[in-house]
Amino acid sequence: MILYLFSVIAGFLLLIWSADRFVEGSSITAKRLGMPPLLIGMIIVGFGTSTPELLVSAMSSYSGNSGIAIGNALGSNICNIALILGLTSMINPISVKSIVLKKELPALTFITFVLYFFMRDKYLSRFESGVLLLFFATLLIWSLLQNKGDKEDPLGKEINNNLKQTEMPFYKAIFWMITGLGFLLLSSRMLVTGAVGIATAMGIDDIIIGLTVVAIGTSLPELASSVAAARRNEHDIALGNIIGSNLFNILAVLGIAGVINPLSAGSEVLIRDLPVMSGLTVSLFIIGYGFRGRPGRINRFEGTLLFMSYVCYTAWLIISQI
């Protein structure tokens, strides 16, 4: 039991460090290779911070632990919106200026309901997982096309200013990108092994471990980057991290995990976890998009409601397990 606990703690710490190195190295490398700042923000920063979720869920699926694979993806999305955006907007209210992000919010809402439809039978087949990956490829192509018409988008400006503050030689950026990815693989394996061991030893459902401990741990890169961006008044980066991460979790994380091994879930996922994730996604769309001339904005009151919803959801998980 002690070894499993050590594996989880060491895996978390190494995961946070390696994810930061990987995203930083990838961002600088992409800039040096001529990738526009807007795409770096949408693809590398937004999707790159979800690399831990991808590796953890893929390894869990390969090992036959569907609960951790599904719980990690769904729990991370719930954590991203309720906990991370809640805390971030409590520190500094978030204004949504980016046109690209306002286009991604409806896409995230649509994809969330597609996942709900696929999992109505408590099963995600390889075919359905392949469809999710097809949606992901379409999203990447759409992002490339969007960049042509939104070169002055606020998100691109914020990312460009951020990259200018990070001076790093090209060879060093490549080194950290490769090293970060290597340690991501190692730390993900440590985390999955420890989490499965703890769940088995304590008689806890692996879906609960995936929704709580693993989900929070793999979401720490998003928490760190979003809070830091909010403190610098880089609101679109803070929100872009969450939207990009949630899209990636549904389309790529569950897509790849389901292709490796079809995923099965208990009835509690349909009754509890998917409705919570869907409700939070719709709430984010309503308050973040802006209607009737009102600009998209997440104020401190709304942030507090999001944070409290996460507290209530976690209490629900604990009570249901007891």
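Residues numbered from 1 in each chain as written. Predicted model: local features only at pLDDT ≥ 70, side-chain atom pairs only at ≥ 80, totals over all residues. Heavy atoms only, no water.

Draft legend 1. Structural context of the overall build of the protein chain. Each helix and strand in the protein chain was counted, giving 13 helices and 4 strands. By residue count, 56% of the 322 residues in the protein chain fall in the buried class. Nonlocal contacts in the protein chain, meaning residues at least 24 apart in sequence, comprise 87% of its contacts between residues at least 6 apart. Per element, the accessible surface of the protein chain, about 13400 Å² overall, is 69% carbon and sulfur. (Helix = DSSP H or I, 4+ residues; strand = E, 2+ residues; numbered from the N terminus. Buried < 20%, exposed > 50% of the residue type's maximum accessible area, 1.4 Å probe, protein only. Contact = heavy atoms within 4.5 Å. Areas by Shrake-Rupley, 256 points an atom, 1.4 Å probe, with all protein chains shown as cover.)

Draft legend 2. Expanded view of the side chain of Ser7. Looking at the element boundaries, Ser7 is found in helix 1 (residues 2-32). The exposure class assigned to Ser7 is buried, which follows from its relative accessible area of 12%. Here the side chain of Ser7 touches Met190 through a polar contact of 2.5 Å, landing on its backbone oxygen. Those residues within four positions of Ser7 in sequence are excluded, and the remaining contacts are Met190, Leu191 and Gly194. (Polar contact = N/O pair within 3.5 Å; in protein donor to acceptor, adjacent residues only side chain to side chain.)

Draft legend 3. Just helix 4 (residues 66-91), in detail. The end-to-end C-alpha separation of helix 4 is 36 Å, in line with the 38 Å expected for 26 residues at 1.5 Å each. The largest bend in helix 4 comes to about 35°, at Asn80. In terms of burial, helix 4 is largely enclosed, as 23 of its 26 residues are buried. (Expected span 1.5 Å × (residues − 1). Bend = angle between axes of the 7 residues up to and from the residue.)

Draft legend 4. Spatial organisation of the nonpolar core. By size, the foremost hydrophobic cluster in this structure holds 55 residues, and its most contacted members are Ile70, Leu74, Leu85, Leu115, Leu254 and Leu274. Where this core is concerned, the elements lending two or more residues are helix 4, strand 1 (94-96), helix 5 (99-118), helix 6 (126-149), helix 9 (206-218), helix 11 (235-260), helix 12 (267-289) and helix 13 (300-321). Ranked by residues supplied to this core, first place goes to helix 11 with 12 residues. The contact partners of Leu85, leaving out residues within four places of it in the chain, are Asn80, Ile94, Leu239, Ile242, Leu284, Ile298 and Leu306. Within the second largest apolar cluster, 18 residues are counted, among which are Leu15, Met59, Ile198 and Val214. (Core = buried A, V, L, I, M, F, W, Y, C linked by side-chain atoms within 4.5 Å.)

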